[in-house]
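# Coordinate inspection notes
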Amino acid sequence: MTEHDPAPDSVPADESLPDELAAEHPEEHPEEQPLPLPVGSRRKPRGRLSGCIPVLLVLALLGGGAYFGITRGAEALRDQFQETADYTGPGQGKVAFQVNDGDTISDMATGLVEADVVASREAFTEAAALDPEGSRGIQVGFYELQKQMRASDVVQILVDPSNIVSDVVAVPEGLTVNQIVDILAKSTDFKAKQFTKALKKSDKLGLPDYADGNPEGYLFPATYSFGPDAKPLTMLTAMVDRWRQAADSAGLEQAAADLGYTPHELMTIASMVQAEGRGDDMPKVSRVIYNRLENPDNGITQGFLQIDATVNYALGQSPIARLTIDQIDSVADSPYNTYRQQGLPPGPIEAPGDDAIAAASSPDDGDWLFYVTVNLETGETKFAETNEEFLQFKGEFDQYCATQSDRC
């Protein structure tokens, strides 16, 4: 019922009384006639009040209602014009406040009140509404605030992205765990040994079961923004979580089943593809690896992958373009020496990125058994099916190195 609807079952003021009501209220006392009743109601017999008492009662009731209405109206006006609770600032202490993806101004206001940064939700929402940038200028991230700040001061900090507090760590593709730890230590306030200690808590890193507790290859290369509360374990866990996203995107586990390998073996292949290939060549490099693994009796490669990057990993050195026989033989017993050991090495040799994981999961079609990067500067790589073709491409690489000895 709206405020303009008539009261239900009411009788218009000028409507005559029904016969039964007229019988109860004789006309000989018109001055004491009661007001008409709603249809269907009945008045109980009662003693009659005489003189001016009924009038006084009516006035008293009307006066009380007016007082009540005036009081409630005054309270409403006072609430409307009362100043919003706000701190005078400038604040004290330190509060690390996080703006999450999808947070609204209302969400932020609630969090700020809970952290005692602002005095009320209204103070912050009003200050945000008055600011030219408003919510549009507030970016996701951590901000260093103080307790009991003026709401407008808080808004000024949040709309300025230069106030975002974080450790930005860029981890490129193709790094080993040790190299990643060095980057993390240089880019944060933590020491390498703290990351190494955290890596030993493999059950808390979120590694897949098939990694067997070894994070090599599973710390995904990407640019990370870590908040001020981040610890070594949470940073490393974030990297494993990012790997999981890449693996799911590439359909790694289903691809492994389709190709007849384990997911860990696919990650091992992806790490070698990362080390040996570039761009559009990665799916071809992946196919060469599969062709060698699946045709051990071809009379040419005999099941040996012969990948320099795995030997460099066994040597514990940065990749070099051309290995000597002495270097290869110095780690002849290493399971990572693919010149001396048939088949796949026991695990990844470095962290592959999205493209390498995708290439391992979906190799190109072809009968290639060799690839030779004939130009280290441009990355030009040629693929061969026969030993004769391989020797021809190798000659091109030898000629390149004769003129570019600083790169070989």
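Only a predicted model underlies this, so the values are computations on that prediction, with no experimental measurement involved. (Residues numbered from 1 in each chain as written. Predicted model: local features only at pLDDT ≥ 70, side-chain atom pairs only at ≥ 80, totals over all residues. Heavy atoms only, no water.)

Let us look at helix H9 (residues 232–250). Look at H9: 28 Å from first C-alpha to last across 19 residues, which is about the 27 Å you get at 1.5 Å a residue. For H9, every residue scored as buried is listed here: Pro232, Met235, Leu236, Thr237, Met239, Val240, Trp243, Ala246 and Ala247. Downstream of H9 by a residue or two, glycine 251 has a phi angle that is positive, lying close to 65°. (Helix = DSSP H or I, 4+ residues; strand = E, 2+ residues; numbered from the N terminus. Expected span 1.5 Å × (residues − 1). Buried < 20%, exposed > 50% of the residue type's maximum accessible area, 1.4 Å probe, protein only.)

Turning next to the confidence of the model for the chain. For the chain, per-residue confidence averages 83 on the pLDDT scale, and 79% of positions sit at 70 or higher. The low-confidence segment residues 1–81 (pLDDT under 50) makes 23 contacts with residues lying over four places distant or belonging to another chain. (pLDDT = per-residue confidence, 0-100. Contact = heavy atoms within 4.5 Å.)

Computed from the structure, the largest pocket encloses a volume of approximately 1,200 Å³. If you trace the largest pocket, you find 36 residues lining it, with Glu276, Asp308, Ala321, Tyr371 and Thr373 closest to the centre. Elements represented by at least two residues in the lining of the largest pocket include exactly helix H11 (263–276), helix H12 (282–294), helix H13 (308–315), strand E5 (370–375) and helix H16 (387–403). For the lining of the largest pocket, the leading source of residues is E5, giving four residues. For the lining of the largest pocket, a count of residues per class yields 20 nonpolar, eight polar and eight charged. (1 Å grid on protein atoms, 1.4 Å probe; cavity = no way out; pocket = protein on both sides within 12 Å on 5 of 7 lines; lining within 4 Å. Points joined across faces, edges and corners; volume = space filled by probe spheres on them. Nonpolar A, V, L, I, M, F, W, Y, C, P; charged D, E, K, R; others polar.)

In this section: helix H10 (residues 252–259). Every buried residue belonging to H10 is among Leu252, Ala255 and Ala256, and all of these are buried. The buried residues of H10 occupy one face: seen down the axis, they fall within an arc of 105°. More than 90 degrees from the buried face of H10, the exposed residues found are Gln254, Ala257 and Asp258. Next to the buried residues of H10 lie H9, H11 and helix H15 (354–361). Once H10 finishes, glycine 260 follows within two positions and takes phi at roughly 85°, a positive value. (Arc of directions from axis to C-beta.)

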